[in-house]
Amino acid sequence: MSGEEEENAAELKIGDEFLKAKCLMNCEVARILDHKYDQLQQMSTDPTNQISQVFEKSMQYVKRFSNYKNTDAVRQAREVLSRYKLAEFELCVLGNLCPDTVEEAIAIVPSIKSKGRKLEDDAIEKMLHDLSLIKKFE
C-alpha cells in the first residue's frame, strides 16, 4: 500500500501484507491451541511444568468467542464463506461475529458491498442462512 493511500477496512484497503495473510477464525485458533495444549501435556513429565498464563488466557478467549465447536462445523463454515470469494479478513470477521441479517453483515464488513465486487443482498442472505444452519445442527 502506498504511503499516500490511507488504510480503510470498509473499502478493503488494509495493506498488502494483511490482504495476503492467512487469517483464522476464533474457532480455528481454538482447535490449534487445544492440539498444542494436548501436546504440551503429553510431553511434560515434570508436574511443576505449567502452561503459561498467556497461553491459557488466549485459549479461554478463543473458546469463549468461537461460534463453531466441532471440527466438521469449523470446516463447513470456512467452506461456506469461501464460496463467496471473500478476502481472508472478511471471511474471518463474518465467521467470528456471525451476523443475523444482511444489514448487520454490511455494517460489520462494508467492503462486501464495495464497488467492483459487490455481493447481492440475496447472496449475503444465503451465506448467513447457511452459517446459521451449521451452528444449529452442530
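Note that the coordinates shown come from a computational prediction; the quantities given were computed from them, not determined experimentally.

(A) Highlighting the overall build of the protein chain. When you go through the protein chain residue by residue, the secondary structure sums to seven helices and zero strands. Listed by position from the N terminus, the elements making up the protein chain come as α-α-α-α-α-α-α. Looking at the protein chain residue by residue over its 138 residues, the buried ones come to 33%. For the protein chain, the share of sequence-separated contacts (at least 6 apart) that also reach a separation of at least 24 residues comes to 63%.

(B) The nonpolar core, seen in detail. In this structure, Y68, L81, L86, I124, M127 and L131 are the most contacted members of the largest nonpolar core, which totals 26 residues. Non-local contacts of L81, meaning those with residues more than four positions away in its chain, are made with M25, L86, L91, L94, G95, M127 and L131.

(C) How the structure looks around the environment of K136. The residue K136 is located in helix α7 (residues 121-137) in this model. Between the C-alpha atoms of K136 and Y68, which are 68 residues apart in sequence, the distance is 9.8 Å.

(D) Representation of the side chain of E28 in the model. The topology assignment puts E28 in helix α2 (residues 26-43). At 2.7 Å, the side chain of E28 forms a polar contact with the backbone nitrogen of M25. Apart from residues no more than four positions distant in its own chain, E28 is found in contact with C23, V74 and R78.

(E) Representation of a negative patch on the surface. Negative charge collects at one region of the surface, where D100, E103, E104, E120, D122 and E125 lie side by side. Within the secondary structure layout, D100 lies in the loop between α5 (88-97) and α6 (102-108). Looking at D100, the relative accessible area reads 62%, which means it is exposed.

(F) Main features of the pattern of salt bridges. Applying the stated criterion across every chain, the model contains nine salt bridges. As a salt-bridge pair, E79 and R75 come within 3.0 Å of each other at their nearest N and O atoms. On the criterion of helical spacing, the pair formed by E79 and R75 is a turn pair, its members being four residues apart in helix α4 (residues 71-82). Judged by its relative accessible area of 40%, E79 is partly exposed. R83 serves as the salt-bridge partner of D130, at 3.6 Å between the closest nitrogen and oxygen.

(G) Representation of the packing of α4 against α5 in the model. Where α4 meets α5, the closest approach of the two axes is 10 Å, and the angle between their N-to-C directions is 130 degrees. The angle between α4 and α5 falls in the class oblique. You can see that α4 and α5 cross each other, and the crossing is right-handed. Note on element contacts: α5 touches α4 through E88, L91, C92, L94 and G95, opposite R78, L81 and S82. Split by residue class, the contact of α4 with α5 holds four nonpolar, two polar and two charged.

What counts as what
Residues numbered from 1 in each chain as written. Predicted model: local features only at pLDDT ≥ 70, side-chain atom pairs only at ≥ 80, totals over all residues. Heavy atoms only, no water. Helix = DSSP H or I, 4+ residues; strand = E, 2+ residues; numbered from the N terminus. Buried < 20%, exposed > 50% of the residue type's maximum accessible area, 1.4 Å probe, protein only. Contact = heavy atoms within 4.5 Å. Core = buried A, V, L, I, M, F, W, Y, C linked by side-chain atoms within 4.5 Å. Polar contact = N/O pair within 3.5 Å; in protein donor to acceptor, adjacent residues only side chain to side chain. Patch = residues over 30% accessible without salt bridge, like charges linked within 9 Å, V, L, I, M, F, W, Y side chains within 5 Å. Areas by Shrake-Rupley, 256 points an atom, 1.4 Å probe, with all protein chains shown as cover. Salt bridge = Lys/Arg side-chain N within 4 Å of Asp/Glu carboxyl O. Lys, Arg positive; Asp, Glu negative; His and termini not counted. Charge placed at Lys NZ, Arg CZ, Asp CG, Glu CD. Axes fitted to C-alpha atoms, helices over the stretch in contact; angles between N-to-C directions. Parallel < 35°, antiparallel > 145°, perpendicular 65-115°, else oblique. Left-handed = near helix turned anticlockwise from the far one by under 90°. Nonpolar A, V, L, I, M, F, W, Y, C, P; charged D, E, K, R; others polar.

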